[in-house]
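# Remarks on the overall topology
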2 protein chains.
Amino acid sequence: MPVYSISHVENVRVCVVMVGLPARGKSLISQKIVRYLSWLSIKSKCFNVGNYRREVAKEAAVDANFFDPKNEEGLAYRRQAIDLAIKDMMNWFVEDNGVVGILDATNSTRERRDRILKLCRENYIEPMFLESWCDDKELILQNITDVKTTSPDYVTKPNEFAMTDFLKRIEHYESVYETMDAATDSDLTFVKLVNVNSQIILNRIETYLESRIVYYVMNLHIKPRSIWLSRHGESEFNLTGQIGGDADLSERGWKYAKKLPELVLKSLGEEHQHTNLTVWTSTLKRTQQTASFLPYKKLQWKALDELDAGECDGMTYEEIEKTFPEDFKARDDNKYEYRYRGGESYRDIVIRLEPIIMELERQENILIITHQAVLRCLYAYFMNVPQEESPWMSIPLHTLIKLEPRAYSTLVSRLKADIPAVSTYKEKGTSQLGEAKTGETIFKSRDLLNSGDVV
Amino acid sequence: MPVYSISHVENVRVCVVMVGLPARGKSLISQKIVRYLSWLSIKSKCFNVGNYRREVAKEAAVDANFFDPKNEEGLAYRRQAIDLAIKDMMNWFVEDNGVVGILDATNSTRERRDRILKLCRENYIEPMFLESWCDDKELILQNITDVKTTSPDYVTKPNEFAMTDFLKRIEHYESVYETMDAATDSDLTFVKLVNVNSQIILNRIETYLESRIVYYVMNLHIKPRSIWLSRHGESEFNLTGQIGGDADLSERGWKYAKKLPELVLKSLGEEHQHTNLTVWTSTLKRTQQTASFLPYKKLQWKALDELDAGECDGMTYEEIEKTFPEDFKARDDNKYEYRYRGGESYRDIVIRLEPIIMELERQENILIITHQAVLRCLYAYFMNVPQEESPWMSIPLHTLIKLEPRAYSTLVSRLKADIPAVSTYKEKGTSQLGEAKTGETIFKSRDLLNSGDVV
């Protein structure tokens, strides 16, 4: 019998229908929702109608004229594109047991939205419209700059052409655009975001899934900021190969703690030495000791504590393999789902980290000092790492990771403190019996292997 | 160093200024917010201006004429009342370190709201207006019925007078009422609920606390429903006096499981035998075994697992007292905050139960089978039990508790299965050494002592 997280109570499928003029952040919001829900194991997918349009119209859609509402050929292509996207989405709901599909398009007119509504209802999908409405010139300009440098429509075009053409395209959409309206659309389930989230109108939000999506979107901001992640310094338990516990730092761990303030300043760069940031740690000694030389505000979170190994707390992998050989194998087979006897699984950590993610979305510069499994889950959220891979990522000790969220991606950089530490990485399918318990081993992992800076 | 739950990140004080005509559910919403935040250890208090008005105006406010906007004497009293309420609230923020104060009044005009706004800003309090706007005749009538039977203004008056007079009072307010408006009030932080929550307008919701309050209010509904709570049947560990673990039910525990379907039907009453309900259990065997004969849909929640006793898991209280005498005493001194070595405190449980409470607010009929400490925390939420008392409540085995949320209170009834069980209750300040570990003892607890049906 499966264990339910808060997200599985209802048997509901939702189609989030984006609404908004070009350069209103629709794709950004769509992609963030998909990333968030996927991280929570809610099967989600974004269907970008622009991609379908490029596929069907090919060379016909070279400039803004294509989007003139009087251009019959353009209209036909655009209708074909949205029909294909909806068809694929409906297939995905059925064949892949999709839960939340996002239709990323302008969906500017009531006529278009009514068509989608009808299709959803025929297929027993709950439609939720999500409009991003914006009249803040500065915000729009910033979005246009993002789009014209990243959109497949413009990457090969000269910068000046892109700007003029894109503005003309927006004008074409504006000429027919019908915003969502609490009076006219009072029967629909919709969210209207006005200038990011300075005002939000919610209409008939009824299911839990809808309310989760709304709450997430409510908490997003677009101010530039960075998030730093670090494991605690090497601990006494790391030296003996024991897992769990509440050990103190080793001598080398203390060295890392002392070096950390310098690493943070280096990572901030010369112009940002006085940037304000907040340090979050777990409630365990090794993270607090690691934070102890940092001259910033600090908060402790129980939710950042390491994965609870239950009956195996304090044991080495070797002892676990000897004492519970079947568990050892079961964990290797499905590390994400495996729950230690009386302890936790990676899935359990993700559930308790959800409020942390929500708070991280709200905050600006945060440095998190936590533990291997927790850090893997946080990293998986920001970098969209699939569940089956995230528990196997190698996150070395004595390394500061910096994440910089951008419009359509997150930049990662790593600063390695030149302080040796044991490796706590256990490769999938390996046995600890007959091998050295501690000491440097070669990492093999999806993530950090290619970065060239692993210990 | 204190451990932070999600709610303590900001150093913000909020005044929730209710706005709405009489009989729009303002007091109900205010009281629920206070109960929810208090349960999360966020210091909150409701200041009901009606109470101040009754205090200052005494016999002058006998009927609707008092509320006529042309009645100068009435106006003076009413202004005096709100001034007193605000003064008390500001004192409370300073002297009692209040975090969320709620000003429960109609606050019908912009002039009145501007005054409050000014006072808040002068005192560095964030004002958040929360309007309940309603034009659904049926909803209003239902609220009027609630108010006229519970309001101190009418309890001693004949029913018919109350109805006519109250309607007249509402008319007086309506003649000057100014609703919150996204255009006119665009600079304010406000939430406008239209017909409960069929439409919600959010304007400039910026702090985390505000967003939590909004999300909670968004999830409230007013459909009648019941919530049932039960501990698992007596377990093998209960017999030996051990805590934690994942033991099977004892023979008597199985008897309770078999009897439970009958108890539920009895509790539903004759007319509601076919009421649909859902059973929530923890992931531990003893709750699932207890649920096994119930013919309803079942869900397992990790968040409903028993308090993690860490290193003390599987020990008896006697063993804990012998092994960790200082911990045993520390737990007795502050049971809410005491965290078992490597385990949890009551505070930790409340944090992990928060999403469960949110989901419970959304759902209708739910039967929860869980564990002593978790049940205490759930019960404390619904019954507003103070933190220092909740860990000491006696919740006997083999007893089904039914909660029926009403407008201003929650009805509780208890059905005791006639199946003996050990008591697992340990009274504050008692030692287990030299006493029998198991067997019936006399309960002394705030809550169930007075109910007359304890085992």
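What you see is a predicted model; the values in this text were computed from it and never measured.

### Overview of the UniProt feature "binding site: substrate" (unreviewed entry) in chain A
All names here are of chain A. Listed under "binding site: substrate" (unreviewed entry) in the UniProt record, and renumbered for this structure, are R231, H232, G233, E234, S235, E236, F237, N238 and R286. Of the residues just listed, which span 56 residues, no C-alpha pair is farther apart than 14.2 Å, and they cluster in one region. Note on placement: G233 falls in the loop between strand 7 (227-231) and helix 8 (236-240). The exposure class of G233 is buried, given its relative accessible area of 0%. With residues up to four places along the chain from it excluded, the contact list for G233 reads N238, L249, G253, Y256, T290, L397 and H398.

### Brief notes about the sheet that holds strand 12 (residues 410-416) of chain B
Residues and elements named next belong to chain B. Spatial ordering of the open sheet is given by 9-8-10-7-11-12, a layout of six strands whose pairing is mixed. Edge positions in the open sheet fall to strand 9 (297-300) and strand 12, since each of these has one partner strand only. For this sheet, the mean inter-axis angle between neighbouring strands, taken without regard to orientation, is 20°. Bridge analysis of strand 11 (residues 399-405) against strand 12 gives seven bridges, and the strand direction is antiparallel. Within strand 12, the residue paired with T399 across the bridge is K416. Here helix 13 (residues 346-362) sits on the sheet and contacts strand 7 (227-231), strand 8 (278-281) and strand 10 (366-370); the angle it forms with strand 8, its principal contact strand, is near 175°. Here helix 14 (residues 372-383) sits on the sheet in contact with strand 7, strand 10, strand 11 and strand 12, set at roughly 155° to strand 7.

### Digging into the interface of chain A and chain B
Each side of the interface is counted separately: chain A has 42 residues, and chain B has 42 residues. Interface area for chain A against chain B, summed over the two sides, is near 3,700 Å², with a carbon-plus-sulfur share of 57%. Here chain A and chain B share zero salt bridges between them. There are 15 residue pairs in polar contact (both at pLDDT 80 or more) connecting chain A and chain B.

### Some points on the side chain of R352 of chain A
All names here are of chain A. Checked against the element boundaries, R352 lands in helix 13 (residues 346-362). For R352, a relative accessible area of 19% translates into the label buried. If we ignore the near neighbours within four places in the chain, the residues touching R352 are K302, A303, L304, D305, E306, L307, D308, E344 and V374.

### Here we look at the pattern of salt bridges
All names here are of chain A. Taken as a whole and judged by the stated rule, the model has 46 salt bridges over all chains. The partner of K223 in a salt bridge is E364, and the shortest N-O contact between them spans 3.2 Å. Here K223 is found in the loop between helix 7 (208-218) and strand 7, whereas its partner E364 is found in the loop between helix 13 and strand 10 (366-370), with 141 residues between them in sequence. The network of salt bridges with common partners includes R53, R54, D153 and R169.

### Here's the deal with the sheet that holds strand 7 of chain A
Residue and element names in this part refer to chain A. One open sheet accounts for six strands, arranged 9-8-10-7-11-12; its pairing is mixed. Each having just a single partner strand, strand 9 (297-300) and strand 12 (410-416) make up the two edges of the open sheet. Each strand of the sheet is rotated relative to its neighbour by a mean of 20°, with strand direction disregarded. Summarising the sheet, strand 7 and strand 10 pair through five bridges and their orientation is parallel. Looking at strand 10, one finds that S230 is bridged to I369. Sheet strands touched by helix 9 (residues 251-268): strand 7, strand 10, strand 11 (399-405) and strand 12. Its angle to strand 11, the strand with the most contacts, is close to 30°. Docked against the sheet, helix 13 engages strand 7, strand 8 (278-281) and strand 10, running at close to 175° with respect to strand 8.

### With respect to the confidence of the model for chain A
All names here are of chain A. For chain A, per-residue confidence averages 88 on the pLDDT scale, and 93% of positions sit at 70 or higher. Taken together, the stretch residues 435-455 has pLDDT below 50 and engages in 48 contacts with residues farther than four places along the chain or on a different chain. Predicted as a complex, the structure gets a pTM of 0.85 and an ipTM equal to 0.80.

### Concerning the packing of helix 1 (residues 26-39) of chain A against helix 13 of chain A
Residue and element names in this part refer to chain A. Interaxial distance between helix 1 and helix 13 falls to 11 Å at its minimum, and their mutual angle equals 155°. As the angle between them shows, helix 1 and helix 13 are arranged roughly antiparallel. On helix 13, the residues that touch K32, Y36 and W39 of helix 1 are V350, L353, E354, I357, M358 and E361. Class assignment of the residues belonging to the contact of helix 1 with helix 13 gives a composition of six nonpolar, no polar and three charged.

### Description of the relation of the copies chain A and chain B
When chain A is fitted onto chain B, the two copies agree to an RMSD of 0.1 Å after a turn of 180° and an axial shift of 0.0 Å. What we have between these two chains is a two-fold relation. Proximity to the rotation axis, assessed at the C-alpha, singles out I201 of chain A in chain A; its C-alpha lies 2.2 Å from the axis. Of all interface residues in chain A, 100% are interface residues in chain B too; the two copies therefore contact each other through one and the same surface.

### Describing helix 6 (residues 159-176) of chain A
All names here are of chain A. The end-to-end C-alpha distance of helix 6 is 27 Å, a good match for the 26 Å that 18 residues give at a rise of 1.5 Å each. If you check which residues of helix 6 are buried, you get A162, D165, F166, R169, I170, H172 and Y173. Viewed along the axis of helix 6, the buried residues span an arc of 155°, placing them on a single side of the element. Facing away from the buried side of helix 6, by more than 90 degrees, are the exposed residues E160, E171 and S175. Those residues of helix 6 that are buried are in contact with helix 2 (49-57), helix 3 (72-95) and helix 5 (137-150).

### Brief notes about unusual backbone geometry
Residue and element names in this part refer to chain B. For N97, which is not glycine, the phi dihedral falls at a positive 50°. When you line up the elements, N97 lands in the loop between helix 3 (72-95) and strand 3 (100-104). Located in the positive-phi region is R204, a residue other than glycine, with phi close to 55°. Mapped onto the elements, R204 comes out in the loop between strand 6 (199-203) and helix 7 (208-218). The exposure class of R204 is partly exposed, given its relative accessible area of 30%.

### Some remarks on the environment of F237 of chain B
Considering the arrangement of structural elements, one finds F237 of chain B in helix 8 (residues 236-240). With 157 residues separating them along the chain, F237 of chain B and Q80 of chain B place their C-alpha atoms 61 Å apart.

### Details of the packing of helix 13 of chain A against helix 14 (residues 372-383) of chain A
Residue and element names in this part refer to chain A. For the pair helix 13 and helix 14, interaxial distance at closest approach is 10 Å and the crossing angle is 55°. As summarised for this structure, helix 13 and helix 14 are arranged oblique, according to the angle between their axes. Handedness of the helix 13/helix 14 crossing: right-handed. Every residue of helix 14 that contacts helix 13 at Y346, I349, V350, R352, L353, I356, I357, L360 and E361 is listed here: A373, V374, R376, C377, L378, Y381 and F382. Tallied by class, the residues present in the contact of helix 13 with helix 14 amount to 13 nonpolar, no polar and three charged.

### A word on the packing of aromatic side chains
The relative placement of two aromatic rings is captured by the distance of their centres and the angle of their planes. Taken as a whole and judged by the stated rule, the model has 25 aromatic pairs over all chains. When the centroid spacing of 5.9 Å and the interplanar angle of 40° are considered together, the rings of F67 of chain A and Y173 of chain A count as tilted. Highlighted residues: F67 of chain A in the loop between helix 2 and helix 3 and Y173 of chain A in helix 6, separated in sequence by 106 residues. Taking the relative accessible area as the measure of exposure, F67 of chain A reaches 3% and is therefore buried. Centroid distance W254 of chain B to F293 of chain B: 6.3 Å. Interplanar angle 75°. Geometry classified as edge-to-face. Of the two residues, W254 of chain B sits in helix 9 (residues 251-268) while F293 of chain B sits in the loop between helix 10 (285-291) and strand 9, which places them 39 residues apart along the sequence. Every member of this aromatic cluster is reached through a ring pair, and the members are F66, F67, Y77 and Y173 of chain A. Positioned above the aromatic ring of W392 of chain A, the side-chain terminus of K335 of chain A is 4.2 Å from the ring centre.

### Points about the pairing of strand 9 of chain A
Residue and element names in this part refer to chain A. Across four bridges, the pairing between strand 8 and strand 9 is parallel. If you follow T278 over to strand 9, its bridge partner there is K297. Considered for its hand, the β-α-β crossover made up of strand 8, helix 10 (residues 285-291) and strand 9 is right-handed.

### Section: the state of the cysteines
Under the definition given, this model contains zero disulfides over all chains. The structure places no disulfide on C377 of chain B, whose sulfur is separated from the nearest cysteine sulfur, that of C312 of chain B, by 18 Å.

Analysis parameters
- Residues numbered from 1 in each chain as written.
- Chains lettered and ligands numbered in written order.
- Predicted model: local features only at pLDDT ≥ 70, side-chain atom pairs only at ≥ 80, totals over all residues.
- Heavy atoms only, no water.
- UniProt positions renumbered as here; feature names shortened; annotations may be inferred.
- Helix = DSSP H or I, 4+ residues; strand = E, 2+ residues; numbered from the N terminus.
- Buried < 20%, exposed > 50% of the residue type's maximum accessible area, 1.4 Å probe, protein only.
- Contact = heavy atoms within 4.5 Å.
- Pairing = 2+ DSSP bridges.
- Axes fitted to C-alpha atoms, helices over the stretch in contact; angles between N-to-C directions.
- Buried area = accessible area lost by both parts, 1.4 Å probe.
- Salt bridge = Lys/Arg side-chain N within 4 Å of Asp/Glu carboxyl O.
- Polar contact = N/O pair within 3.5 Å; in protein donor to acceptor, adjacent residues only side chain to side chain.
- pLDDT = per-residue confidence, 0-100.
- Parallel < 35°, antiparallel > 145°, perpendicular 65-115°, else oblique.
- Nonpolar A, V, L, I, M, F, W, Y, C, P; charged D, E, K, R; others polar.
- Least-squares fit on C-alpha atoms with pLDDT ≥ 70 in both.
- Expected span 1.5 Å × (residues − 1).
- Arc of directions from axis to C-beta.
- Left-handed = near helix turned anticlockwise from the far one by under 90°.
- Phe/Tyr/Trp six-rings, centres within 6.5 Å; stacked < 30°, edge-to-face > 60°.
- Lys NZ or Arg CZ within 6 Å of the ring centre and 35° of its normal.
- Right-handed = clockwise from strand over helix to strand, strands pointing away.
- Disulfide = S-S within 2.5 Å.

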